[in-house]
Amino acid sequence: LEEPIDKIETHRPIHGVDLDLPRGVRVTVNRWAKHLDVLIAMRPQPGGQDGHCGNLNFDAKDDTLESISARMSLRVSAQDSLFPVASLDTADVAEKSIADCALEIRKQAQADCEQRQVSGDGEAASESFIEACIYDACFGGEDFAAQ
C-alpha cells in the first residue's frame, strides 16, 4: 500500500491489504488503532446494486441514509457475514444522528465541512455529503475531526 485511503493519515505507517475480487471488484482496507478505512471500487454489477453508499443511478437524492434504509437493512445478515463466529456483544447499539452531536462540535464540524468540501471545479458538495462529513467529525473522534 503506497498511500492511505484517508489522506489525513499520510503521517502514519500504513497497515492494510488490497484485494482484487471477481467481476472487477477491488477492496482496499487500511487498519488503524481505533478504526478501519475501507474503499470498494467496482463497475456496475449485472442486475444493479445498492448499498451503504447508494445505488449507482447517479441520483444523489435517493442516496440519503433515510432512502437507503427504506430500501434495505444496513446490517449484514448472519448468512452473508464474512465472520464465522458471531460477536459475543449482543447489545443493540442505538443509531446516532447529527442531532445527537453536541451543538458546539456540530457547528464547528459544519463550518469545517462546508469550507473544505468544495470540488475541484468550484462546485459546492451536495447536502448529503456535507451531512456525512459532519457526522464523521462528530462521532469519528479526533482523527476524523481533523479532516
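An account of the accompanying structure is given in this report.

Quick notes on the rules
Residues numbered from 1 in each chain as written. Predicted model: local features only at pLDDT ≥ 70, side-chain atom pairs only at ≥ 80, totals over all residues. Heavy atoms only, no water. Pairing = 2+ DSSP bridges. Helix = DSSP H or I, 4+ residues; strand = E, 2+ residues; numbered from the N terminus. Disulfide = S-S within 2.5 Å. Buried < 20%, exposed > 50% of the residue type's maximum accessible area, 1.4 Å probe, protein only.

Next up on the list: the pairing of strand β1 (residues 16-21). Pairing geometry for β1 and strand β2 (residues 25-31), over six bridges, is antiparallel. Counterpart to Asp18 in the pairing with β2 is Thr28. The antiparallel pairing of β1 with β2 creates a hairpin that spans three residues between the two strands, and Arg23 there sits at a positive phi of about 65°.

Another point: the state of the cysteines. Enumeration over the complete set of coordinates arrives at two disulfides. Residue Cys101 pairs covalently with Cys138 via a disulfide, S to S 2.0 Å. Between Cys101 and Cys138, the S-S dihedral sits near -85°, and the bridge is therefore left-handed. One end of the pair, Cys101, is in the loop between α1 (65-71) and α2 (103-116); the other, Cys138, is in helix α3 (residues 127-139), and 37 residues separate them in sequence. One exposure class covers both Cys101 and Cys138, and it is buried. With a sulfur-sulfur separation of 2.0 Å, Cys113 is cross-linked through a disulfide to Cys133. Looking along the S-S bond of the Cys113-Cys133 disulfide, the torsion reads about -80°, which is the left-handed sense. With Cys113 in helix α2 and Cys133 in helix α3, this residue pair connects regions lying 20 residues apart in the sequence. Assigned by exposure class, Cys113 and Cys133 land together as buried. The connectivity of the disulfides in the protein chain is 1-4, 2-3, where the numbers refer to bonded cysteines in sequence order.

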